[in-house]
Structures are given as structure tokens and as C-alpha cells.
Amino acid sequence: MSENKGNYSASNITALEGLEAVRKRPGMYIGSTDSKGLHHLVWEVVDNSIDEHLAGHCTEIHTTIHENNSISVRDNGRGIPTGMHAKLKKSALEVVMTVLHAGGKFDKDTYKVSGGLHGVGVSCVNALSIDLKAEVHRDGKIFTQSYSEGKPQTEVEVVGESSETGTKVTFLPDPTIFEELVYKYETLAARLKELSYLNSGLKLTLTDERVVEDGKYKYEEFYSEGGLKEFVVYLDESRTPLIEHPIHVIGKEDNVEVEVAMQYNTSFKENIFSFVNNINTREGGTHVNGFRRALARLFKQYGEDNGYFNKLKFSISGEDFREGLTAIVSVKVPEPQFKGQTKGELGNSEVTGIVSRCVGNVLKHYLEENPQQAKRIIDKVILAATARHAARKAREMVQRKTVLTGGGLPGKLSDCSSKNPDESEIFLVEGDSAGGTAKQGRDRFFQAILPLRGKILNVEKALEHKIYENEEIKNLFTALGVSIEEKDGERTLNIDKLRYHKIVIMCDADIDGSHIVTLILTFFYRYMTPLVENGYVYIASPPLYQVKKGKQFRYCWNEEERLEAIKAYSGGSEEAASGIKVQRYKGLGEMNADQLWETTMDPETRILKQVSIENEIGADKTFSTLMGDEVPPRRAFIESHAKYANIDV
Ligand code: 0RA
């Protein structure tokens, strides 16, 4: 046996082992096999096409959801090379599709998308698909190859001629691997839209062949000429801008590309989103630090030089420069290092200085040339510092009270007897009367009840210190056992003493009820984010109907179940004659304690919806639209989503 041949089979085996490993432990490669993992497959393929765009060879990426929930991603890039791979003695196409980590570009100068879980390569998608077809237009020809579970089912074949170039990948996720197989249009659309802002000049489209509207497939195009500048305008659509135009920074240093767009609005929240090589860095990192540093440095200097801070009785801190700020910080780094719990934090230390200098240069000019706008921002900074001071006092009052009374719990809380957070649940119940029913119906060993009076404060519109003065919100902090800590000017929620690992929002199944759910969710999303991120927040689903015949009855959660129950009780005949009673539950109060337990609280039978943040930017947009200043965008949102009445955060 020649050495060459030995090498060939050896590399062959390694390749197979690689993809087998992906099938054995898919979570290691794509994070999970739930809905998130399912959608991750699409991003894996789209990322490859985006790389082709970043290398300057691709202007369009078309994503299609087919009727059977298979996905196609087609681009007009150079096309995956199809020639023989010198070492592996196979078509490069086959290598890219079947060898782990072979998918990226072979030259190092491009910004490889290799952050976090991304960048594991299109071969992972192949391994996790029951069926995958690659079609390459290149060198005047059309090449295809098909695979199943990552194994080639055909040779690379020439099937036609083409004057264009590009790659099309069509895949059907393996049902034995994924728990969820149905693609969500909104999830794909949200990310594609985000990508269009992050890659100005790139056209991305989404077609849904499962949905026909006006005789055509559902279709949307995402394209942005202005990039991040348009992105902040879009994000702040429902907020009132403080300065005329967003400030836009574009810079490059040591092969690191920096783009930042920022706008101040009249709200009180800081909204900084960050990206590294198009990947959302949820935990921030050195790029965000550089941005913050430049903001504080430049505004502080400017304020001091102009004597704006002279009369202030307390100091200004870094966060005061970020209140009411919406910003996007995007960097392209050739070899990014990621750290943090979810690999969502950029670690490259050199990036801090680079971003700080790029932003500093632009801000310096901006402040010199726009004194009126600058004054507006400084006034806002002073207001923020004043409010922060008041908020700290209010917060300390809340927290001191807790400490002094030895963790004295709110009088309205009916606590559970278990002290083990892992098994304890708290139900946040709208209204005292429903609270009473829940208290009777619960299992007091592990279920606590906290009634909330009416509509809680809309935190999207309130000043921070008002929030800590709000009775219901104070009760929430003490009942949950969480507190806000300030360290180096950063506020974080301490959840070490969290008393329940299931926090269940339980409201009426009507419009008012869902409004209250939204208010409470807004509060959790803005002020107790770690609880949402850790998956501790749930929404209860009380039934909508009880269908009854004689002594038999069924609870129904939707229209379909109602019709089914009627059909079952009437034995298929007309309902009128058969003595069937349908009760529509308008509120929790209409159920007695046993019914509430059985339908909504009993872990054996209830339906709990766990709240998660699928797309951070989408979530921000949802909350600012629903709860913010401007009426027109809110109306648009409610109208287009009213049918589903289900806010996907
Ligand atoms: C390897 C090398 C080159 C391009 C690609 C892969 C490539 C991969 C994908 C995946 C989806 N679309 C894609 N487009 C291109 C460079 C090719 C060259 O040098 O001509």
C-alpha cells in the first residue's frame, strides 16, 4: 500500500468521525436542539454567504422556507470551489460540506465569522440534516452534490451551464435530532433585517412558501444603504430624539474596522447593542468598553471646558452619559477571542483603545461643530446624574428596610413553606380577589402567591426613582429576595438570594390581562434581566373555556379545542340538542380554587410558557413600541400582531 493511499483513507476516516461527533453531541456545535438550534442551522449557512459579501464578492442572499420546513439559502458569491482538493483528493465542494471546520475561507485576511457558537461551518448543518443539496454556479457550469446525515449520496455532478456564480444550499433538518421542526418567519426576518443594517449594501430576502398572500408567497426584502445610522433610527422609532441626527463613526485601525451609530432620546434607558463580525455580543466586551470610555472622556471634558458642571453638588458618573442613549457598536476583528458565560463577550484587549480612539475623534469634532446639540446632551447628562442620585436614595430606602426588618417580607405575600428556591414558585397574580382564589388553590408547600394591584407602573416611561418608590415594585424586590448592587458605577441585579426559581405571571386571559402581562414583562426585561436570561420567568395559561355536558367537562385553551370538545360530547351531531354548556372564562376570578389549581397551577396539568429572549433587538423594539412615547408605531404593532396576541420575546 502506498503511503499516499494510506493518508487518503486516514483523512477520510477523520472526516467521518468529525461529523459523527456532531450528530452525537449536536449541542456542543449548535448550542441546542430546540427551536433556537433549529434556527441556528440557517445562520450557519447565511454566515458563509455573508463572509462572501465581506470578502467583496456577494451582493444578494435569498433565504426560502419551503413547505416542508426545509430551507434554501442562495447567494451570488463566487461559489464554493469545485476543483480537486490537493490533499484530500476530493472535490473542494465535498470537503467544505463534509469536513468539520473546512468551510471558511482559506485566506486569513477576511473577517471570518467565528464567534461564539457561530462559524462551526456548513458541514455541521450537513451532519444534522436528513437531506442536503449543494448547488454551485461557477466556471460556466452548475455543479451539485447531495448528502444525507452529512454523507455524500452522489458524486459532484455537472448538471448544466450557467453564466452566473453563486451557491445554493437546501437542507431538511433531521427530525430525530431536533425537538422542534417548524421555522418561525418572524425569527428569521428579525435577524435578516439586523444583518441588512450591519452589512449596508447587501440585499437579503425572505420567502415563506408555507404562506400565500394575494396569490404570492409571503416575501420581504431587507436592504439598508445607511447601515447602522438607519438601524438606530429604526430602533428609536417609538422614542423622541434629543438631537437632530444620529452620530455616526466609521474608522479602521490595525485591521480592526469600527462602526458606531448613536442617538440620544428623551427616555431614561441605556440601549447599547454590540456586534463582532456581525454576531450580537450580548455581554458586551472590549469594544463596548472602548465606546463607553470615549463617551465619558469626551463629554466630561467638553462639559468641564464650558463650565456646565460648575454648579453641580454631586459627581457625574459614566452611566450618566448613557441615559437615553441608543447605540450600536459594531467591530470587525480578524481573530476575535470570546469569553464570558455564553461566549457573548469580546475579549481582545487591543480593541478597547481602537474603538475609544475612533469614537473619540468623531465625537470631538461633533461637539466642536454642534454646540447646540452638545448642550442638549449635557443637560440630559446633568438630569441623569440628578435622577440617579434620587434613585439611589429611593433604592437604599427599599433595601435598608429589607435589611432592618431581617428580610421582612411584604404583608401581601402568602409565602410557601419550602425555603429551597429550586423547588419554590411564586405566582404574581393580578388583583386581590384572584389572589385570594390562588391562595386557596395552591400547594402551599412550594407555591407562594403575591397579588399585584391593578396595572403596575409602566417602567418604559417612568423615571428610575419613581420605580423604586412604587409599592408593587418594592414588594416584588423584597418578595423575590433580589437587590440592585452598584459597583464601579455599574448596576447589577444580585440574584444570589433569589427565593424562587419559577416566577409565574398569572393574569386574566383577556386584553386587560395581556396588557398587565406586558407591563410586568417590561419591568422584568428592563430591570431584572438576569431573571429572564436564566429562564426563571414564566407566564401561566389559564383556559379560555369550559365545555360541559352533564357531569362531564373539559377545559379548552383555544378555539380548536372548544370545537373538538363540542364534537366529542355531541357524538358528532348538532350541538344544540345535546345539552352542551360552554363557559367562557373572562377572568381568573370566575374559576373556583380547585379549578384554578387543576387548570393553571398544578405542575402535572398546567401549561407554563417560559419567557426567553430570542432576539435582543427584537425584544427591545417590542417593548419600546408597546410601551413608549409614540402612538403610530404602537398602533401598527398591535394591529399586525393582534391575531396572535402572543408577544414573542
Ligand atoms: C471556500 C473558498 C471560497 C469560497 C467559499 C468557500 C464559499 C463558501 C460558501 C458557502 C455559502 N456560500 C459560499 N460562497 C463561497 C473562495 C472561492 C474563490 O477563491 O473563488
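To be clear, the structure that these remarks concern was listed above.
First things first, this report covers the structure right here in the doc.

Criteria and thresholds
Residues numbered from 1 in each chain as written. Predicted model: local features only at pLDDT ≥ 70, side-chain atom pairs only at ≥ 80, totals over all residues. Heavy atoms only, no water. 1 Å grid on protein atoms, 1.4 Å probe; cavity = no way out; pocket = protein on both sides within 12 Å on 5 of 7 lines; lining within 4 Å. Points joined across faces, edges and corners; volume = space filled by probe spheres on them. Nonpolar A, V, L, I, M, F, W, Y, C, P; charged D, E, K, R; others polar. Helix = DSSP H or I, 4+ residues; strand = E, 2+ residues; numbered from the N terminus. Near = heavy atom within 4 Å. Polar contact = N/O pair within 3.5 Å; in protein donor to acceptor, adjacent residues only side chain to side chain. Areas by Shrake-Rupley, 256 points an atom, 1.4 Å probe, with all protein chains shown as cover. Core = buried A, V, L, I, M, F, W, Y, C linked by side-chain atoms within 4.5 Å. Buried < 20%, exposed > 50% of the residue type's maximum accessible area, 1.4 Å probe, protein only. Arc of directions from axis to C-beta. Contact = heavy atoms within 4.5 Å. Pairing = 2+ DSSP bridges. Axes fitted to C-alpha atoms, helices over the stretch in contact; angles between N-to-C directions. Parallel < 35°, antiparallel > 145°, perpendicular 65-115°, else oblique. Expected span 1.5 Å × (residues − 1). Salt bridge = Lys/Arg side-chain N within 4 Å of Asp/Glu carboxyl O.

**A few points about empty space enclosed by the protein**
Thought 1: For the structure shown, the criterion picks out two cavities of 30 Å³ or more.
Thought 2: Considered as a void within the structure, the second largest cavity measures approximately 30 Å³ in volume.
Thought 3: Along the walls of the second largest cavity sit Phe268, Glu323, Ala387, Arg388, Leu463 and Glu464, which together make up its complete lining.
Thought 4: A class-by-class count of the residues in the lining of the second largest cavity yields three nonpolar, no polar and three charged.

**Describing unusual backbone geometry**
Thought 1: In this structure, aspartate 254 takes a positive phi of about 50° despite not being glycine.
Thought 2: You can see aspartate 254 is positioned in the loop between strand E12 (247-253) and strand E13 (256-264).
Thought 3: Positive phi values are uncommon outside glycine, yet asparagine 255 reaches one of about 70°.

**Section: the site of the ligand**
Thought 1: Around the ligand, the structure places eleven residues, and the nearest of them are Asn48, Glu52, Asp75, Arg78 and Arg138.
Thought 2: Here arginine 78 contributes a side-chain N or O atom positioned 3.4 Å from an oxygen atom of the ligand.
Thought 3: One nitrogen or oxygen atom from the side chain of arginine 138 is found 3.1 Å from an oxygen atom belonging to the ligand.
Thought 4: In isolation the ligand exposes 460 Å². Once the protein is present, 86% of that is buried.

**Considerations on the nonpolar core**
Thought 1: With 48 residues, the main nonpolar core has Ile426, Leu428, Leu480, Phe523, Phe524 and Leu531 as its most contacted residues.
Thought 2: Per-element accounting of this core gives the leading share, nine residues, to helix H14 (residues 511-527).
Thought 3: Of all hydrophobic cores here, the second largest spans 44 residues; its members include Val73, Met97, Tyr147 and Val169.

**Thoughts on helix H7 (residues 228-235)**
Thought 1: When H7 is considered as a whole, its buried residues turn out to be Leu228, Phe231, Val232 and Leu235. Buried residues of H7, viewed axially, fall in a sector of 95°; they line one side.
Thought 2: Its buried side turned inward, H7 meets helix H6 (185-198), E13, strand E14 (271-276), strand E16 (325-332) and helix H18 (616-627).

**Thoughts on the sheet that holds strand E23 (residues 502-506)**
Thought 1: If you trace the five strands from one edge of the open sheet to the other, you get E20-E19-E23-E24-E28, paired in mixed fashion. One side of each edge strand has no neighbouring strand; the edge strands of this open sheet are strand E20 (447-452) and strand E28 (608-610). The average angle at which neighbouring strand axes cross in this sheet is 25°, direction not considered.
Thought 2: Both strand E24 (residues 537-540) and E28 contribute to a ladder of three bridges, which runs antiparallel.

**Examining the packing of helix H11 (residues 432-441) against helix H17 (residues 593-601)**
Thought 1: Between H11 and H17, whose axes approach to 8 Å, the crossing angle comes to 80°. Between H11 and H17, the interaxial angle falls into the category roughly perpendicular. Taken together, the residues of H17 that come into contact with H11 (itself represented by Thr437, Ala438, Gln440 and Gly441) are Ala593, Leu596, Trp597 and Met601.
Thought 2: In terms of residue class, the contact of H11 with H17 is built from five nonpolar, three polar and no charged.

**Section: helix H3 (residues 35-54)**
Thought 1: In this model H3 runs 28 Å from its N-terminal to its C-terminal C-alpha over 20 residues, within 8% of the 28 Å that 1.5 Å per residue would give.
Thought 2: With 17 of 20 residues buried, H3 is to be regarded as a mostly interior element.
Thought 3: Following H3 by one or two positions, glycine 56 has its phi on the positive side, about 90°.

**Notes on the pattern of salt bridges**
Thought 1: Across all of its chains, the model carries 26 salt bridges by this definition.
Thought 2: We note a salt bridge from glutamate 270 to arginine 292, for which the minimum N-O separation is 3.2 Å. Here glutamate 270 is found in the loop between E13 and E14, whereas its partner arginine 292 is found in helix H8 (residues 286-305), with 22 residues between them in sequence.
Thought 3: Owing to a relative accessible area of 28%, glutamate 270 belongs among the partly exposed residues under this scheme.
Thought 4: A salt bridge links glutamate 270 to arginine 322, with the nearest nitrogen and oxygen atoms 3.1 Å apart. Residue glutamate 270 is located in the loop between E13 and E14, and its partner arginine 322 is located in the loop between H8 and E16; the two are separated by 52 residues in the primary sequence.
Thought 5: If you follow the salt bridges from partner to partner, you end up with Arg23, Glu149, Lys151 and Asp174 in one network.

**Looking at the pairing of E20**
Thought 1: Within E20, six of the six residues are buried, which leaves it mostly tucked inside the rest of the structure.
Thought 2: Residues of E20 alternate between two faces, with Gln447, Ile449 and Pro451 on one and Ala448, Leu450 and Leu452 on the opposite face, all of them buried.
Thought 3: Where strand E19 (residues 425-430) and E20 come together, six bridges link them in parallel fashion. Note that in E20 the partner of phenylalanine 427 across the bridge is isoleucine 449.

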